Amino acid sequence: MAYLGVDSSLSGRRWVGPDIETERAAEMMRQQSDLPQAVCQVLARRGVPLMEARGFLDPKLKELLPDPRGMKDMEIAAARFLEAVRKRQRIAVFADYDVDGGSSAALLIRWLREMGLMATLYVPDRIDEGYGPNVPAMRDLAANHDLIVCVDCGTLSHEPIAAARGADVIVLDHHLGAETLPDCVAVVNPNRQDESGDLGYLCAAGVVFLMLVEAGRQMREAGAAGPNLMDMLDLVALATVADVAPLIGANRALVRQGLKVMAQRRHPGLVALADVARMDTAPNTYHLGFLLGPRVNAGGRIGQADLGARLLSTDSPSEAQALAERLDQLNSERREIEEAVRAAALDQAETRGLDGPLAWAAGEGWHPGVVGIVASRLKEAANRPAIVIGFDGDEGKGSGRSVSGVDLGAAIQRLASESLLVKGGGHRMAAGLTVMRDKLEAAMTRLSDLLAKQGAGQGGPADLKLDGTLMPGAATVDLLEQIEQAGPFGAGAPAPRYALPDLQIRFAKRVGASHLKLSLADGMGGGLDAILFGAFDGPLGPRLENHGGARFHFAGRLEVNSWGGRQSVQLRIEDAAEA
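Looking at an unreviewed UniProt entry, one finds the protein named Single-stranded-DNA-specific exonuclease RecJ, with Ruegeria sp. PrR005 as its source organism. Note on the protein: under the UniProt heading Sequence similarities (unreviewed entry), the record states "Belongs to the RecJ family."

As structure tokens, this is what we get:
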């Protein structure tokens, strides 16, 4: 039975409430502990038994961090890395151009700086060079360096790594591996085909952090000491959230502790970035994913590819300020470019039809730096995997995003092996590809078939799962602080989503071009502010703006809004239905 009787909301979704077993488990936990009801509900939904509740609410790295030696090639990689440090060899870091790559590079550069070594940073240009190591770059780096460490890339780079003659190469990555690995010193990757996959949820920065943990262990065994890794957890937290890695296992502790480190404002790059993003409260996962992450990414998307990594690794406040301001400017430009491509891609995909297993669009001149973001928007609109491709002549570079339960990276890799793509790879939820124009239709048809076999595109809009009902008067800062005990929230660990039933709209006004700000009331003295982002990308915004006095059920997540030193609660609306 639909929750609150909502079989079809304004966005066409059926609302589904918590099942009876979950509600019983939450109530039993509340009776047998001193935990708040809201926390018990989150724990019950996550399947956390009472005996494990305390440990879940206070995740400790020493208890959750896996033994680095559980990953293949880890000891070899750390030993070769330390050999380069001991012999004062020339080290280059080849990094991907996104947040995970930049954070991974910054971890190594900061660590090496504390050991008295200056590493060379190399980040390929997204347009001119594309993702990952390439033959000319690796050949040039090998001519002037003894060791090249590839971070957040390299697992599929057999030919470029072979071109690095005269230098040793270590790969620290998390992208899906092929049947064979590049011929190099070590490939540390939890998503190698010969790994168990138990640590497949780690982002590249998590893998780099574990390598540095292993390096520290080997140093201690030799009677030496290395840098304090706990001080670098802010970078791991940023990468984990921005790369949409699931907040499970060790990732929960890495992010929780990393947020605490970030709040201390020790590192110039992150301080400058937080300031240009106008963050005036303690950092949380929303800040990392939606304020800091996009700005770090902006350089790799439409500007100079290494700006983000340089910002995250610098120890100069003045350099950090200049880089942060440049990235903030680029991020504003990125938004404008993204909006133009988004509108064209959505129109094209809708014309082609959004009822198949794959939603896709391709266009001439679409900036390759924004196709990934647009693919994410298209995936959300269609509730199925999405691919967006920008062509420059006969060659197109694209990006894809998937939905839960559909492994897009494996399907893209299959297309590459069948020569329908020039190259392609990724992981379950995201992938990149290069395709020639004359193979576009065949590649997308084949991809649709592969995704259909995984169950993509079955059914209409996804059900909206809700954790319970809440009245505006109960939505307090204290409640949110209680809920946050069960965090951090993000991918794989969503924050509670509540239904607020039968509310009036006191007023609604547009904010910017596409957002809607509302004031809601329950008619009994309780009220709540609310925000609907991207309101006019679908039917929600127009209906709520022109409400005509009607009453609505609202669904969304609560957040603290800080303004002028005061805190209040607002609802981030995800859906609504007429009451």
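There's plenty left to go through after this.
## With respect to the UniProt feature "domain: DDH" (unreviewed entry) in the protein
When the UniProt feature table is mapped onto this chain numbering, "domain: DDH" (unreviewed entry) sits at residues 90–240. Secondary structure across residues 90–240 comprises 38% helix and 14% strand; the distance between its end C-alpha atoms is 29 Å.

## Some details on the domain arrangement of the protein
In terms of domains, the protein is made up of domain 1 (3–16 + 466–578), domain 2 (18–55), domain 3 (68–328) and domain 4 (356–454). Centre-to-centre, using C-alpha coordinates, domain 1 lies 24 Å away from domain 2. Between domain 1 and domain 2, roughly 950 Å² of surface is buried when both sides are summed, and carbon and sulfur atoms account for 59% of that area. If you sort the residues of domain 1 by the area they bury against domain 2, D467, Q482 and A486 come out on top, with a joint share of 43%. One can count one salt bridge joining domain 1 with domain 2. With its nearest N and O atoms 2.3 Å apart, the salt bridge here joins D467 to R45. Our count for the contact surface shared by domain 1 and domain 2 stands at two residue pairs in polar contact (both at pLDDT 80 or more). With three residues, the single largest contributor to the side of domain 1 that touches domain 2 is helix 19 (residues 477–484). Across the side of domain 1 that touches domain 2, the residue classes break down as 12 nonpolar, four polar and one charged.

## Concerning the pairing of strand 11 (residues 430–436)
For strand 11, a buried count of five out of seven residues is recorded, marking the element as mostly surrounded by other parts of the structure. The pairing of strand 9 (residues 395–401) with strand 11 spans seven bridges and is classified as antiparallel. By the bridge assignment for strand 11, G400 is matched with A431. Count of turn residues in the strand 10 (residues 423–426)/strand 11 antiparallel hairpin: three residues.

## Concerning the sheet that holds strand 11
Across the sheet, five strands lie side by side as 7-8-9-11-10; this open sheet has mixed pairing. Of all strands in the sheet, those with a lone pairing partner are strand 7 (359–364) and strand 10, marking the two edges. Strand-to-strand, the axes of this sheet are offset by a mean angle of 15°, without reference to chain direction. Looking at chain direction, strand 7 and strand 8 (residues 386–392) are connected through six bridges and run parallel. Residue pairing for strand 8: A362 is matched across the bridge by I389.

## What to know about the nonpolar core
Nonpolar side chains in soluble globular proteins tend to be buried together. Ranked by internal contacts, the top residues of the largest apolar core, which has 87 residues, are L108, W111, V151, L172, M211, L212 and L238. The element that contributes the greatest number of residues to this core is helix 9 (residues 204–221), accounting for 10 residues. Excluding residues that lie within four positions of it along the chain, W111 makes contacts with F81, L82, V85, L212, M219, P227, L229 and M232. Counting 43 residues, the second-largest nonpolar core is a separate cluster that includes V39, V477, L520 and L540.

## Quick notes on the sheet that holds strand 6 (residues 186–188)
Sheet strands line up and pair through hydrogen bonds in the backbone, either parallel or antiparallel. Overall, parallel pairing links the five strands, which are arranged 3-2-4-5-6 in an open sheet. Pairing within the sheet leaves two strands with one partner each, and these edge strands are strand 3 (120–122) and strand 6. Across the sheet, the axes of successive neighbouring strands diverge by a mean angle of 20°, strand direction being ignored. Where strand 4 (residues 147–151) meets strand 5 (residues 168–172), five bridges bridge the pair, whose relative direction is parallel. Looking at the pairing, L147 lines up with D168 of strand 5.

## Re the environment of F533
You can see F533 is positioned in the loop between strand 16 (527–532) and helix 20 (540–545). You can call F533 partly exposed: its relative accessible area is 38%. In sequence terms F533 and L516 are 17 residues apart; their C-alpha atoms lie 6.6 Å from each other. Discounting chain neighbours no more than four positions away, the residues touching F533 are S514, H515 and R572.

## Some words on a nonpolar patch on the surface
Together, Y286, F290 and F533 line one region of the surface with nonpolar side chains, adding up to about 310 Å² of accessible area. Looking at the secondary structure, you find F290 in helix 13 (residues 285–302).

## Remarks on helix 13
The first and last C-alpha atoms of helix 13 sit 25 Å apart over 18 residues, in line with the 26 Å expected at 1.5 Å per residue. The sharpest bend along helix 13 reaches about 40° and sits at G293, with the proline P294 one to four residues further on. In terms of burial, helix 13 is largely enclosed, as 15 of its 18 residues are buried. At the N-terminal boundary of helix 13, the capping side chain belongs to N284, with an oxygen 3.0 Å from the backbone nitrogen of Y286.

## What to know about the environment of D522
Inspection of the secondary structure assignment puts D522 in the loop between strand 15 (515–521) and strand 16. Using a relative accessible area of 10% as the deciding quantity, one classes D522 as buried. Linking D522 and L503, residues 19 residues apart in sequence, is a C-alpha distance of 4.8 Å. If we skip the residues at most four places from it in the chain, D522 touches M471, P472, L503 and R551. At 3.4 Å, the side chain of D522 and the backbone nitrogen of G525 are in polar contact.

## Notes on empty space enclosed by the protein
All told, the structure shown has two cavities of 30 Å³ or more when counted by the stated rule. Of the voids in this model, the largest cavity is the one considered here, and its volume is about 40 Å³. Lining of the largest cavity is provided by D96, Y97, D98, G102, V123, V296, A305, G308 and A309. Grouping the amino acids of the lining of the largest cavity by side-chain chemistry returns five nonpolar, two polar and two charged. In this structure, the second largest cavity spans a volume of roughly 30 Å³. Lining the second largest cavity, in full, are L65, P66, L202, G206, F209, L210, A250 and L254. Among the elements of the structure, helix 9 and helix 11 (250–263) are those that each provide at least two residues to the lining of the second largest cavity. The dominant element in the lining of the second largest cavity, judged by the number of residues it contributes, is helix 9, at three residues.

Thresholds applied
Residues numbered from 1 in each chain as written. Predicted model: local features only at pLDDT ≥ 70, side-chain atom pairs only at ≥ 80, totals over all residues. Heavy atoms only, no water. UniProt positions renumbered as here; feature names shortened; annotations may be inferred. Helix = DSSP H or I, 4+ residues; strand = E, 2+ residues; numbered from the N terminus. Domains from an automatic or database assignment. Buried area = accessible area lost by both parts, 1.4 Å probe. Salt bridge = Lys/Arg side-chain N within 4 Å of Asp/Glu carboxyl O. Polar contact = N/O pair within 3.5 Å; in protein donor to acceptor, adjacent residues only side chain to side chain. Nonpolar A, V, L, I, M, F, W, Y, C, P; charged D, E, K, R; others polar. Buried < 20%, exposed > 50% of the residue type's maximum accessible area, 1.4 Å probe, protein only. Pairing = 2+ DSSP bridges. Axes fitted to C-alpha atoms, helices over the stretch in contact; angles between N-to-C directions. Core = buried A, V, L, I, M, F, W, Y, C linked by side-chain atoms within 4.5 Å. Contact = heavy atoms within 4.5 Å. Patch = residues over 30% accessible without salt bridge, like charges linked within 9 Å, V, L, I, M, F, W, Y side chains within 5 Å. Areas by Shrake-Rupley, 256 points an atom, 1.4 Å probe, with all protein chains shown as cover. Expected span 1.5 Å × (residues − 1). Bend = angle between axes of the 7 residues up to and from the residue. 1 Å grid on protein atoms, 1.4 Å probe; cavity = no way out; pocket = protein on both sides within 12 Å on 5 of 7 lines; lining within 4 Å. Points joined across faces, edges and corners; volume = space filled by probe spheres on them.

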